There are 4 protein chains.
Amino acid sequence: MNHLKPAGEGLRTRVFQIIFESDTPLAKGFDIALIGAILTSVLVVMLESIPGLRADHGAWFYRLEWGFTLLFTLELAVRLYCLERPWQYLRSFYGIIDLVAILPTWLALVLPGAQSLVVVRLLRTLRIFRVLRLMEFVGEGRLLIGALVRSSHQIFLFLFTVFMLVTIFASLVYLIEPAEAGFTSIPTAIYWAVVTLTTVGYGDITPVTPLGQAISVMVMLIGYSIIAVPTGVFSAEVIRSIRADRYSDEACPGCGYDRHEKNARYCLRCGTWLDEDTPDPRQGDDDTTTPRA
Amino acid sequence: MNHLKPAGEGLRTRVFQIIFESDTPLAKGFDIALIGAILTSVLVVMLESIPGLRADHGAWFYRLEWGFTLLFTLELAVRLYCLERPWQYLRSFYGIIDLVAILPTWLALVLPGAQSLVVVRLLRTLRIFRVLRLMEFVGEGRLLIGALVRSSHQIFLFLFTVFMLVTIFASLVYLIEPAEAGFTSIPTAIYWAVVTLTTVGYGDITPVTPLGQAISVMVMLIGYSIIAVPTGVFSAEVIRSIRADRYSDEACPGCGYDRHEKNARYCLRCGTWLDEDTPDPRQGDDDTTTPRA
Amino acid sequence: MNHLKPAGEGLRTRVFQIIFESDTPLAKGFDIALIGAILTSVLVVMLESIPGLRADHGAWFYRLEWGFTLLFTLELAVRLYCLERPWQYLRSFYGIIDLVAILPTWLALVLPGAQSLVVVRLLRTLRIFRVLRLMEFVGEGRLLIGALVRSSHQIFLFLFTVFMLVTIFASLVYLIEPAEAGFTSIPTAIYWAVVTLTTVGYGDITPVTPLGQAISVMVMLIGYSIIAVPTGVFSAEVIRSIRADRYSDEACPGCGYDRHEKNARYCLRCGTWLDEDTPDPRQGDDDTTTPRA
Amino acid sequence: MNHLKPAGEGLRTRVFQIIFESDTPLAKGFDIALIGAILTSVLVVMLESIPGLRADHGAWFYRLEWGFTLLFTLELAVRLYCLERPWQYLRSFYGIIDLVAILPTWLALVLPGAQSLVVVRLLRTLRIFRVLRLMEFVGEGRLLIGALVRSSHQIFLFLFTVFMLVTIFASLVYLIEPAEAGFTSIPTAIYWAVVTLTTVGYGDITPVTPLGQAISVMVMLIGYSIIAVPTGVFSAEVIRSIRADRYSDEACPGCGYDRHEKNARYCLRCGTWLDEDTPDPRQGDDDTTTPRA
């Protein structure tokens, strides 16, 4: 959100700093209060969905929901008010989420039932990452995401293979098993195959013929074994990321040792000065001494 | 498919380049259109298997299926037409798949029911790998497959052990549990044991006696723990593969040893200086000494 | 428990050494006997919970339970008796567990039903770690806990992401699926989503609409794939921990840097020769040159 | 079985070589035929357990079973006949398995029902490892077993923790859930907790109260996450084993580089001769030249 700029007045700038930044105590307090309000409003939606509670306290839930909607509408209005270019914010990631979070209640005035969509409000808790950003979570999150991105091609290949296997086995079992066992169509059989391959195993659809059970056993063993593929790929990537973070690849010009930590200035094996762009401080008082490899 | 050769005429060669190669825009477009047609035809087979849709739109599905079959038959005919040795292609991997993909519909004229086999058409999407080949997927897929191949012995040992455990526990539970609980035969008990060990857990057959439940608990804990084996083996292989980038293919000019790490400056077997572009630092102060292989 | 001190008399000190320490044969024997008694008492509580056994041998279970409670009360009394500051122990981790382990039976005199809580007695088996402490388990346990602690931030991020996914998918399926399928409220749908994402798959609540099943398939594939994240992170941490044996604790005499690899001969920060028992080879041909920090 | 010695006669020695060794074509053929017979006899036991097949072909199964039992009894007799010390073999691992594999059928003459135990015959397929021994499986199996043994302490700690968690959560849910939901005793609740924690999820016993479901969710998330522990530990061990196999820890005396492959004779960075016990062949014709670091 660094690209956002406050409208150029005193009050607006101060409000901007509280709402959009997180580096003053007040701004941090605002962020935490906002996340608290978001979580509470999500909790209210969840509790309202429980039939018993809705029957007894329906009026309260209704008031609370409108309360939160008005609060979040006000917050969005203030956000837009103190920005130089409000439309830019409304088209940004957080702007869309802010809008989407208040829309369902307003929509429900027109379309009954739209209210249930209020749970999308949960997406607003993504703002929590703004608070986390101040802590040391970010580096580690970035490391994880980096590893995921670098292994994404391999994980795509893996999921493609899984999808092929699932479709082929599903079609086979669909041909073999009677419809009474629940295999009423190929899409249903695919649902069963995913349930089986991922080792979820609901048991709502299970093979009843010996041949169908034999194929199930194959699907299970495949699913049980190939989980090693994404795990191995991702593990290797995390290990590579951690190591790349710590060690430099450059070899010592003196002895060639090439596992120096990035913060090393002297070779740990032969004592040669490693930073070739800067003079070795050891040579400051005695020009004739050169490091020896 | 590099071994395939076009028949030596102008038109045939041009068609060959479009159908069998992927390096011109037209050839790439053909590949993508073909994969689109294959996926659509598979989708049609899937939708047709849904009873409701088949009842309402059966005639349409029938026409679509024949349409795709004729299209793929035509495509195969053109493929064979522009080849020097058509039989060679028909016996190749992709040739067999192409043939198998159109057979079921033609067979259904003679044998009703053969139509369901049309899903084997899905195998044709393997052609997608020809398009992927142009992208960077291949190196990574090869890395994964290489790691799988190198860990295959260990995974075979693992699966053999799993099979032994499964059979022994299945026989035990078959002896303990009453047939009413679903353990009607040893093969069924093996099906149950695989369902349990792979943590799928359908729940269609579950132990009802305390002793049977105790053995189940053992099977579950074993299944939960030994998944670490293929995962660990495969992780180690992927890490080894990534690190294998460490090695150069170039042979030592002295002794011919060819598995030097890329950062090697001297041959680890005979001590010969490996970097032919730079002088050996050992020779700086004593010109008459040369490394000996 | 090193901070505990015996009350200063002969008998009390001797009892203290038996009860609170583990380095004499008698003290070790006491520990083992105590753990035996704890496990037996837990076993009794378990067996008593089986309706058939309780009906037949209820009186025996009652007597055994009181026997163990009196035994443990006596043990706690002796513990407190031989300590200089008994209250300090009662507020410690093991003191609270000791108290909590005997309370339920005494409470049951006043509040019927409190007896079932006797299973908390199991927590007393944590004392087993005192015996294990003497063996080589500790270093490895500490390595595991260290790896867990260091990867806790990343695992927290992972669980937070899982929670977000679970809530969003649960809300979606709650909107789509009819209440008759079991999705009666959002909290219930969250229960279903966790059952699915973690690949447990009870099957007590399963989607019945095609759209609900399609979303389930996505949840399953996500759950099946992202297990790679904590596994990869933890694997990398364990490998890093094992490799941390690589580092020496000794500080450089020149600059005080104290994270040198064990094979380091020169300080990576200031180039000082680290091995004080051997002369620096750099000084062999030029005695007047000394490394400078 | 290297410690076994043939009885000292010509025929016995020749039979010994066929039965107990695997290095001649005849001995290998005997091993493979034996494993074939064992697998067939196990298959017969499995098929016999299927009610439909037993009803139709019971007489045949009876004859086949006696055929295999007589065959294996004869084999054991021949084994004992050609050994110097038959009792030594009978008390060995394979001897006990051989005896146990034929006992059930003989026992069934006296005790009806003992026949089902014939499946223990499956243990005889362990002999397959004798054939595998000749192939390259052994090194890899040993690597896996070595890694398992070295990580066994940590896996024991892990299973102990799992057992503690399972018992505590099981007791909690037993107190919370009504007996009608299936939680009839603490042992049954433990069975449920293992089913849940290992992500098997039969669904034969599931929580019905909101509090019970909340605790289930915790058990599932714990089970889903802590699988990372044995996987990480074992992965790290396998990686350590592979590396320990390939690299030596010793540093080069010239430059200190310490990641030399075990087969290295010259340092790959500075060309120094690494094997200090043998003279450098390069110095054979020119005594004044010494490698320089």
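None of these values were measured; they are calculated from a predicted model.

A.B. asks: I'd like to hear about the overall build of chain A, residue by residue, with values.
C.D. replies: Tallying secondary structure elements over chain A gives eleven helices and zero strands in all. Going from the N terminus to the C terminus, chain A shows its helices and strands as α-α-α-α-α-α-α-α-α-α-α. Burial analysis of chain A (293 residues in total) assigns 52% to the buried set. Across chain A, the fraction of contacts at a sequence separation of at least 24, relative to all contacts at a separation of at least 6, is 49%. Accessible area for chain A stands at about 13600 Å²; split by element, carbon and sulfur atoms hold 66% of it.

A.B. asks: Quick one: what's the story with the relation of the copies chain B and chain A, residue by residue and with numbers?
C.D. replies: What relates the pair of chain copies is a rotation about an axis plus a shift along that axis. With an RMSD of 2.9 Å, the fit of chain B onto chain A corresponds to turning through 89 degrees and sliding 0.7 Å along the axis. Classification of the inter-copy transformation places it as that of a four-fold axis. Little of the interface of chain B is mirrored in chain A: 19% of its interface residues are interface residues there too.

A.B. asks: Break down the environment of A:V200 for me, citing the residues and quoting the values.
C.D. replies: Assignment of secondary structure puts A:V200 in the loop between α9 (186–197) and α10 (210–226). A relative accessible area of 0% places A:V200 in the buried class. Contact partners of A:V200, with chain neighbours within four places excluded, come to A:V195, B:V200, C:T196, C:T199, C:V200, C:G201, C:M220 and D:V200.

A.B. asks: Which residues make up helix α5 (residues 93–110) of chain D, and what values do they have?
C.D. replies: All names here are of chain D. The end-to-end C-alpha distance of α5, which contains 18 residues, comes to 26 Å, matching closely the 26 Å that a straight helix rising 1.5 Å per residue would cover. When the local axis directions of α5 are compared, the greatest deviation, roughly 35 degrees, occurs at L103, which is followed within four positions by the proline P104. Residues of α5 that are buried: Y94, G95, I97, D98, A101, I102, P104, T105 and A108.

A.B. asks: Report on the interface of chain B and chain A, specifying residues and quantitative values.
C.D. replies: Contacts between chain B and chain A engage 48 residues on the former and 47 residues on the latter. If you list the elements that add at least two residues to the side of chain B that touches chain A, you get α2 (25–48), α3 (51–81), α6 (128–132), α7 (137–150), α8 (152–176), α9 (186–197), α10 (210–226) and α11 (228–243) of chain B.

A.B. asks: Which residues make up the pattern of salt bridges, and what values go with them?
C.D. replies: Enumeration according to the criterion identifies 14 salt bridges over all chains in this entry. One salt bridge connects A:R240 with A:E237, and the closest N-O pair in it is separated by 2.5 Å. With A:R240 and A:E237 both in helix α11 (residues 228–246) and three residues apart, the pair spans about one turn of that helix. D:R150 is the partner of D:E237 in a salt bridge, and the nearest nitrogen-oxygen pair spans 3.0 Å. Here D:E237 is found in helix α11 (residues 228–246), whereas its partner D:R150 is found in helix α7 (residues 137–150), with 87 residues between them in sequence. D:E237 sits in the buried class, given a relative accessible area of 2%. Owing to a relative accessible area of 40%, D:R150 belongs among the partly exposed residues under this scheme. Three or more residues joined by partner-sharing salt bridges are found here, namely A:E75, A:R79 and A:D98.

A.B. asks: Residues and numbers for the side chain of A:T196, please.
C.D. replies: Locating A:T196 in the fold gives a position in helix α9. Residue classification places A:T196 among the buried residues on the basis of a relative accessible area of 0%. Sequence-distant contacts of A:T196, that is, excluding residues within four places in its chain, are made with A:S216, A:V219, A:M220, B:V200 and B:Y202.

A.B. asks: Quick one: what's the story with the packing of helix α2 (residues 25–48) of chain C against helix α3 (residues 51–81) of chain C, residue by residue and with numbers?
C.D. replies: Working note: a packed helix pair is described by the angle between its axes plus the distance between those axes. All names here are of chain C. Put simply, α2 and α3 touch, their axes get as near as 9 Å, and they point 150 degrees apart. Between α2 and α3, the angle falls in the class roughly antiparallel. Handedness of the crossing formed by α2 with α3: left-handed. Along its contact with α2, which presents F30, L34, A37, I38, T40, S41, V44, L47 and E48, the element α3 presents L53, R54, F61, L64, E65, F68, L71, F72, E75 and R79. Of the residues in the contact of α2 with α3, the class split is twelve nonpolar, two polar and five charged.

A.B. asks: Lay out the environment of C:T167 in plain terms, naming residues and giving numbers.
C.D. replies: Residues and elements named next belong to chain C. Topologically, T167 is positioned in helix α8 (residues 152–176). A relative accessible area of 2% means that T167 is categorised as buried. It is 20 Å that separates the C-alpha atoms of T167 and E180, two residues lying 13 residues apart in sequence.

A.B. asks: Lay out the packing of α8(B) against α9(B) with the relevant residues and their values.
C.D. replies: Residues and elements named next belong to chain B. Close contact between α8 and α9 brings their axes to 8 Å; oriented N to C, the two are set at 120 degrees. Taken together, α8 and α9 sit at an angle that is classed as oblique. As α8 packs across α9, the resulting crossing turns out to be right-handed. Side by side, α8 and α9 meet where V162, V166, T167, A170, S171, V173 and Y174 of the first sit next to I186, A189, I190, W192, A193, V194 and L197 of the second. A class-by-class count of the residues in the contact of α8 with α9 yields twelve nonpolar, two polar and no charged.

A.B. asks: So what's going on with unusual backbone geometry? Residues and values would help.
C.D. replies: Backbone geometry places B:T199, a non-glycine residue, at a positive phi of 60 degrees. According to the relative accessible area criterion, B:T199 is buried, its value standing at 7%.

Analysis parameters
- Residues numbered from 1 in each chain as written.
- Chains lettered and ligands numbered in written order.
- Predicted model: local features only at pLDDT ≥ 70, side-chain atom pairs only at ≥ 80, totals over all residues.
- Heavy atoms only, no water.
- Helix = DSSP H or I, 4+ residues; strand = E, 2+ residues; numbered from the N terminus.
- Buried < 20%, exposed > 50% of the residue type's maximum accessible area, 1.4 Å probe, protein only.
- Contact = heavy atoms within 4.5 Å.
- Areas by Shrake-Rupley, 256 points an atom, 1.4 Å probe, with all protein chains shown as cover.
- Least-squares fit on C-alpha atoms with pLDDT ≥ 70 in both.
- Expected span 1.5 Å × (residues − 1).
- Bend = angle between axes of the 7 residues up to and from the residue.
- Salt bridge = Lys/Arg side-chain N within 4 Å of Asp/Glu carboxyl O.
- Axes fitted to C-alpha atoms, helices over the stretch in contact; angles between N-to-C directions.
- Parallel < 35°, antiparallel > 145°, perpendicular 65-115°, else oblique.
- Left-handed = near helix turned anticlockwise from the far one by under 90°.
- Nonpolar A, V, L, I, M, F, W, Y, C, P; charged D, E, K, R; others polar.

Nothing here speaks to function; it is all geometry.
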